[in-house]
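# Summary of structural features
What follows is each chain in one-letter form.
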Amino acid sequence: MANNKGGSPGARSPLSLVVAMALCCFFYLLGAWQRSGYGKGDAIAAAINHQAACSDNPSSSSSTAAGLTFETHHGGASTNASSSSPAPPEIFPACAASLADHTPCHDQDRAMKFPRKNMVYRERHCPTAAAGDRRLRCLVPAPAGYVTPFPWPKSRDYVPFANAPYKSLTVEKAVQNWVQYEGAVFRFPGGGTQFPKGADEYIERLATVVPFSSGHVRTVLDTGCGVASLGAYLDSRGVIAMSFAPRDSHEAQVQFALERGVPAFIGVLGSIKLPFPPRSFDMAHCSRCLIPWGANGGMYMMEIDRVLRPGGYWVLSGPPINWKANHKAWERTEADLAGEQQRIEEYAAVLCWEKVTEINEIGIWRKRSEPCPDRPAEARACDEANQDDVWYKNMEACITPPAGAGAGGELQPFPARLMAVPPRIMSGSVPGFTAESYEEENRQWERHVAAYKKVNYKLNTERYRNIMDMNAGVGGFAAAIFSPKAWVMNVVPTAAELSTLGVVYERGLIGMYHDWCEAFSTYPRTYDLIHGNGIFTLYKDRCKMEDILLEMDRILRPEGTVILRDDVEILLKVQRTVQGMRWKTLMANHEDSPHIREKVLYAVKRYWTAAGEDSEEQKNMDSSSEGKGSED
């Protein structure tokens with residue numbers, strides 16, 4: 001038997017532990033020196049490997065840097081010496097460079113086949129096998145010269161030209177101060193059609209009526225947002241805006257918004273309901289958004305009423321407000337504008353909105369907190385059954401009934417509401433959730449996120465601004481990772497057993513419904529970090545894993561990070577699939593025990609662009625990956 005000094009078999013001497021830690025620190029500092037900065041190689045992948053190798057977690061030994069092995073516990077990845085080697089994973093090729101901004105459900109050619117009435121042609125129209133459409137089985141490339149966006153808040157004002165090389169807005173909106181082209185970057189002065197003096201000055205005017213500073217107005221819906229300067233400047237006041245605009249002749253509006261680090265999606269008020277539950281937003285806003293509010297029997301105002309919380313504000317800036325002073329500048333007749341404003345005022349009365357004030361060209365209404373006692377008899381109420389079921393449901397000219405007893409209770413000001421028990425939980429509106437189980441859910445996500453940070457120490461830093469949670473539940477991940485430096489798009493899948501998005505909004509967070517069998521309503525390369533808890537188990541028998549992974553790759557920025565929690569068998573399949581997608585991966589045990597089937601897969605998308613596809617460097621990407629950063 002070998003001599004084992006000073007301890008049990010396999011014990012390490014204090015000197016060897018000191019040497020090991022010193023070597024870890026040395027190689028970490030060496031790697032940081034060689035790969036410092038944003039977008040230079042796989043800096044986050046290197047950090048992940050370092051953290052796994054040097055972790056003091058007993059379940060993360062030095063061997064985990066190469067990936068964990070689970071066959072001892074579960075057998076799913078076991079090998080047989082007599083069996084043949086498994087076939088290599090499918091290699092997904094790069095799409096054509098012309099598809100760098102591919103948005104599958106908002107394709108311009110497909111859109112023109114649909115009716116123009118009520119903006120139907122601007123809504124979601126996804127490829128379907130029944131229609132003979134083929135989904136892309138390739139990786140959407142970044143454009144030549146792509147660089148990692150500037151960190152927030154610099155990104156609010158500057159976007160690299162290479163990332164969204166479209167100048168039309170700099171010409172069409174030149175006098176309105178939306179965006180200016182300055183060589184290698186676009187600069188966003190904060191102007192807008194209705195706020196030529198800048199978004200800050202405009203928000204100051206709104207703040208004389210709307211209580212932003214008190215924390216009572218936390219979530220804002222900005223319809224027809226342009227480049228989302230309102231949301232960009234509300235951020236510094238602790239207010240988060242969900243902005244949307246259609247993909248139309250004004251190139252890259254939503255793309256610019258997301259490149260700036262502002263929450264946004266491609267969308268329009270058309271014929272289907274917005275992807276939000278009732279009573280989501282503290283304020284809704286339209287700054288010359290070109291939505292015909294007085295048309296269709298007031299249907300669009302009724303949709304705003306549906307998603308507006310009792311006591312919430314509606315702000316209409318531009319035509320027809322104060323039309324007497326502006327009809328000549330707007331090049332519309334007095335009769336036309338007067339009729340439009342009269343219809344808006346009439347529908348506001350039907351909805352029991354109180355007109356708070358008019359400030360020049362800004363009209364502000366407030367939705368009553370209490371039930372409306374004198375609503376006209378002809379006002380039709382919407383069906384009360386399953387008000388959260390809005391995915392692809394037709395919009396109607398009807399009034400959404402108020403919440404049941406207790407379900408629409410008063411919210412605490414933000415940030416207290418982030419961790420307070422939401423009214424929907426308190427009233428029992430979410431089956432299976434009590435105040436106690438909700439608080440335990442939050443504690444569990446705090447433990448999960450603490451474990452994530454041991455592997456990826458860049459969490460809660462300026463490295464990640466745009467974050468997505470693909471299966472958000474009640475928003476536990478977003479709350480645990482909350483930081484003023486970042487925002488989270490909390491997606492509640494339509495396949496989920498519970499509709500929890502209303503709880504997410506009552507916490508002062510934002511999100512939307514989505515079906516992950518389809519593409520998300522965003523441009524490529526719009527998220528820095530994607531988190532998914534059980535997403536592949538949820539969609540196991542609904543659509544192909546490869547299609548969901550390809551969509552994740554489309555919306556993830558080069559060198560962006562993915563964190564997936566799921567059953568080990570599923571994650572092993574995911575890990576194998578993404579070998580052909582230019583991702584680097586690391587599997588880690590559940591933080592509580594290596595014997596728990598749930599594991600965590602960390603992945604980093606490598607840097608590559610359409611221009612580099614034929615280069616020797618790209619051909620050797622398995623051994624080296626060199627990127628570019630905004631600071632180059």
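What counts, and where the lines are drawn
- Residues numbered from 1 in each chain as written.
- Predicted model: local features only at pLDDT ≥ 70, side-chain atom pairs only at ≥ 80, totals over all residues.
- Heavy atoms only, no water.
- Core = buried A, V, L, I, M, F, W, Y, C linked by side-chain atoms within 4.5 Å.
- Buried < 20%, exposed > 50% of the residue type's maximum accessible area, 1.4 Å probe, protein only.
- Contact = heavy atoms within 4.5 Å.
- Phe/Tyr/Trp six-rings, centres within 6.5 Å; stacked < 30°, edge-to-face > 60°.
- Helix = DSSP H or I, 4+ residues; strand = E, 2+ residues; numbered from the N terminus.
- Pairing = 2+ DSSP bridges.
- pLDDT = per-residue confidence, 0-100.
- Disulfide = S-S within 2.5 Å.

## Observations concerning the nonpolar core
- Counting residues in each nonpolar core, the largest one holds 134 residues, and the members touching the most others are Leu221, Phe276, Trp293, Trp314, Phe536 and Met552.
- Once you skip the residues sitting within four places of it in the chain, Trp293 turns out to touch Thr223, Leu269, Cys286, Gly298, Tyr300, Met301, Ile304, Trp314, Leu316, Ile344 and Tyr347.
- One finds Val159, Val179, Phe186 and Phe188 within the second-largest nonpolar core, a separate group that totals 11 residues.

## Some remarks on the packing of aromatic side chains
- Inspection of the entire model under this criterion finds 21 aromatic pairs.
- Each ring, one from Tyr181 and one from Phe186, has its centre 5.8 Å from the other, and the planes form 55 degrees; the classification is tilted.
- A residue is classified by how much of its surface remains accessible, and Tyr181, at 35% relative accessible area, is partly exposed.
- The buried category is assigned to Phe186, whose relative accessible area is 0%.
- For the ring pair Trp314 and Trp365, a centre distance of 5.2 Å and an interplane angle of 40 degrees mean the geometry is tilted. Of the two residues, Trp314 is situated in strand S8 (residues 308–317) and Trp365 in strand S10 (residues 362–367); the sequence distance between them amounts to 51 residues.
- Residue classification places Trp314 among the buried positions, given a relative accessible area of 1%.

## Quick notes on unusual backbone geometry
- The residue after Pro319, namely Pro320, is reached through a cis peptide bond having omega 5 degrees.
- With an omega of 15 degrees, the peptide bond between Phe414 and Pro415 qualifies as cis.
- Examined against the element boundaries, Pro415 turns out to sit in the loop between S10 and helix H12 (423–426).
- In this structure, Arg288 is a non-glycine residue whose phi angle is positive, near 50 degrees.
- Following the sequence through the fold, Arg288 ends up in the loop between strand S7 (281–287) and helix H9 (299–307).

## Observations regarding the pairing of strand S16 (residues 583–589)
- Taking burial as the measure, the 7 residues of S16 include 5 buried ones, the bulk of the element.
- The pairing of S16 with strand S17 (residues 598–605) spans 7 bridges and is classified as antiparallel. Within the sheet, the bridge partner assigned to Trp583 lies in S17 and is Lys605.

## Things to note about the confidence of the model for the protein chain
- Confidence in the prediction for the protein chain averages 85 pLDDT; 81% of positions are at 70 or higher.
- Across residues 26–83 the pLDDT falls below 50, and counting only partners more than four positions away or on other chains, this stretch makes 94 contacts in the model.
- Segment residues 615–632: pLDDT under 50, and 45 contacts once partners within four positions in sequence are set aside and those in other chains are kept.

## Overview of the state of the cysteines
- Within this structure, the stated rule accounts for 6 disulfides.
- The side chain of Cys352 participates in a disulfide bridge whose partner is Cys372; the two sulfur atoms lie 1.5 Å from each other. Here Cys352, found in the loop between helix H11 (334–350) and strand S9 (353–359), pairs with Cys372, found in the loop between S10 and H12; they are 20 residues apart in sequence, far enough to count as distant. Side by side, Cys352 and Cys372 carry an identical accessibility label, which is buried.

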